[in-house]
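Results of the structural survey
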Amino acid sequence: MADRLTQLQDAVNSLADQFCNAIGVLQQCAPPASFSNIQTSINKDQPSNPTEEYAQLFAALIARTAKDVDVLIDSLPSEESTAALQAASLKQLEEENHEAATRLEEVVYRGDLLLEKIQSALADIAQSQLRMRSVGSVKANLLFFFFCPNSSLYLYNIVSLF
């Protein structure tokens, strides 16, 4: 984002552009003037120019931009602002910044603790799932050996795991 002076310069340039455009459009749409010594023929089929609409449009644009310029000018430091006032203001801002940094560090610390708890819970869940898979595979093997003939030795070994 640009500083206030650059914003002010951009707004003034925009205001100048709007003035130029307004004058150009109004000149283009203006009805012809008659001179006493020159005869001109006006085309009666020519549609009426919306001069009033253009005037209102450009007036609104110019007024809005002028208001923006005023707001930017009001936001500039005043002449009454001394170095001592600016230093006091900067000191207050620095204190607010340090308080915000302290709060941020506390929030980050609490977030790290919460992250560790979440990671621990996820590790427990993963271990539980691995144990359940291994128990499930042992049960599947047990059922497999139970239905297979001549596997009593293996069945004994698998059952002894429980």
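Above this text sits the structure in question.
Residues numbered from 1 in each chain as written. Predicted model: local features only at pLDDT ≥ 70, side-chain atom pairs only at ≥ 80, totals over all residues. Heavy atoms only, no water.

On to the environment of Gln28, then. One can find Gln28 in helix α1 (residues 4-29). Residue classification places Gln28 among the exposed positions, given a relative accessible area of 67%. Sequence separation between Gln28 and Thr51 is 23 residues, and the spatial gap between their C-alpha atoms is 9.4 Å. (Helix = DSSP H or I, 4+ residues; strand = E, 2+ residues; numbered from the N terminus. Buried < 20%, exposed > 50% of the residue type's maximum accessible area, 1.4 Å probe, protein only.)

So, on to helix α2 (residues 51-75). The end-to-end C-alpha separation of α2 is 36 Å, in line with the 36 Å expected for 25 residues at 1.5 Å each. Residues of α2 that are buried include every one of Phe58, Ile62, Thr65, Val69 and Leu72, and no others. For α2, the elements touching its buried residues are α1. (Expected span 1.5 Å × (residues − 1). Contact = heavy atoms within 4.5 Å.)

Right, let's talk about the nonpolar core for a bit. Within the largest apolar cluster, six residues are counted, these being Leu15, Ala22, Val25, Cys29, Phe58 and Ile62. When contributions to this core are tallied by element, the ones reaching two or more residues are α1 and α2. Here the element with the most residues in this core is α1; it accounts for four residues. (Core = buried A, V, L, I, M, F, W, Y, C linked by side-chain atoms within 4.5 Å.)

Attention shifts here to the pattern of salt bridges. In total, this model carries one salt bridge according to the counting rule given. Glu106 serves as the salt-bridge partner of Arg110, at 2.9 Å between the closest nitrogen and oxygen. On the criterion of helical spacing, the pair formed by Arg110 and Glu106 is a turn pair, its members being four residues apart in helix α3 (residues 83-147). On the basis of relative accessible area, Arg110 is assigned to the partly exposed category, the value being 47%. (Salt bridge = Lys/Arg side-chain N within 4 Å of Asp/Glu carboxyl O.)

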